[in-house]
Every structure is written in structure tokens, then in C-alpha cells.
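These are the residues of each chain, in order.
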Amino acid sequence: MPIDVNGKSLETDEEGYLANINEWEPEVAVVMSKEDDLELTDEHWDIINFLREYYDEYQIAPAVRVLTKAVGKKMGKDKGNSKYLYGLFPYGPAKQACRYAGLPKPTGCV
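Residues numbered from 1 in each chain as written. Predicted model: local features only at pLDDT ≥ 70, side-chain atom pairs only at ≥ 80, totals over all residues. Heavy atoms only, no water.

- An unreviewed UniProt entry lists the protein under the name Sulfurtransferase, from Thioflavicoccus mobilis 8321.
- Reading the Sequence similarities (unreviewed entry) entry of the UniProt record for the protein gives the comment "Belongs to the dsrC/tusE family."
- Listed in UniProt under the heading Function (unreviewed entry), the comment for the protein reads: "Part of a sulfur-relay system." (UniProt positions renumbered as here; feature names shortened; annotations may be inferred.)

What about the packing of aromatic side chains?
1) Next: With the rule as written, the count across this model stands at 3 aromatic pairs.
2) Next: An angle of 40 degrees between the planes, with centres 6.3 Å apart, marks the rings of F50 and Y54 as tilted. Separated by 4 residues within a single helix, F50 and Y54 lie in helix α2 (residues 42-58), roughly one turn from each other. In this pair, the class of F50 matches that of Y54, namely buried.
3) Next: Between Y54 and Y58, the aromatic rings sit 4.6 Å apart at their centres with planes inclined by 45 degrees, giving tilted as the arrangement. Here Y58 and Y54 lie together in helix α2, a separation of 4 residues that amounts to about one turn.
4) Next: Here Y58 falls in the partly exposed class, since its relative accessible area comes to 47%.
5) Next: Members of the aromatic cluster, connected to one another through ring pairs, are F50, Y54 and Y58. (Phe/Tyr/Trp six-rings, centres within 6.5 Å; stacked < 30°, edge-to-face > 60°. Helix = DSSP H or I, 4+ residues; strand = E, 2+ residues; numbered from the N terminus. Buried < 20%, exposed > 50% of the residue type's maximum accessible area, 1.4 Å probe, protein only.)

Pasting the structure below:
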């Protein structure tokens, strides 16, 4: 099902992940978050941008345990824990945040 972003129709897979990660732009996250009835804050953007940097470096979208550890290492223990991340992304910090970031579904996510 495609999503409309800035007048362009972007293809997504059956779970809502972008079919072409190179089509991502910040507005993609805004459109997807509105569909989930979630307003993005600076804290959300910190995680979205972190995920994009992580993907650029490792060419993989991290599962939630790896994400939690990596966020903790870079941003501190107060942000590198499941409670904080699930507070931001209630549908699953790895799955939902990766979708907003235009990344593939994380490995190990059902």
C-alpha cells in the first residue's frame, strides 16, 4: 500500500516498510507517525536519526536488544532501556522506529 509524501506516492510492503529505502525523507516519518496517531518529538527524531546512522554503518536494522544496547552506549543509560524506547515507540521500538526511519524490518522481529 503506497503512502503519499510531498505529492509523491511511495511504495511500501505489506507491513508498511518502504519498498525503496533510498526514497526516505524526514516527511516519511511524519506521515507514518500520523497514521499511528503519534506525534514525533525531538526524542523520537534522536532515535530515528540514530537508526539511520546505524544502518549506514552496519547495513542492517538492529533488533530491539541490539538497539537498546547501542542507544545506551551512545546516548546514555537513561535512553538505552526498553522502558524509554517503548514509551516513544509503543508498537515496538525496533519495528516502529525502523519503519519511520525508512529502513527494512529488523532482523529477528516477527
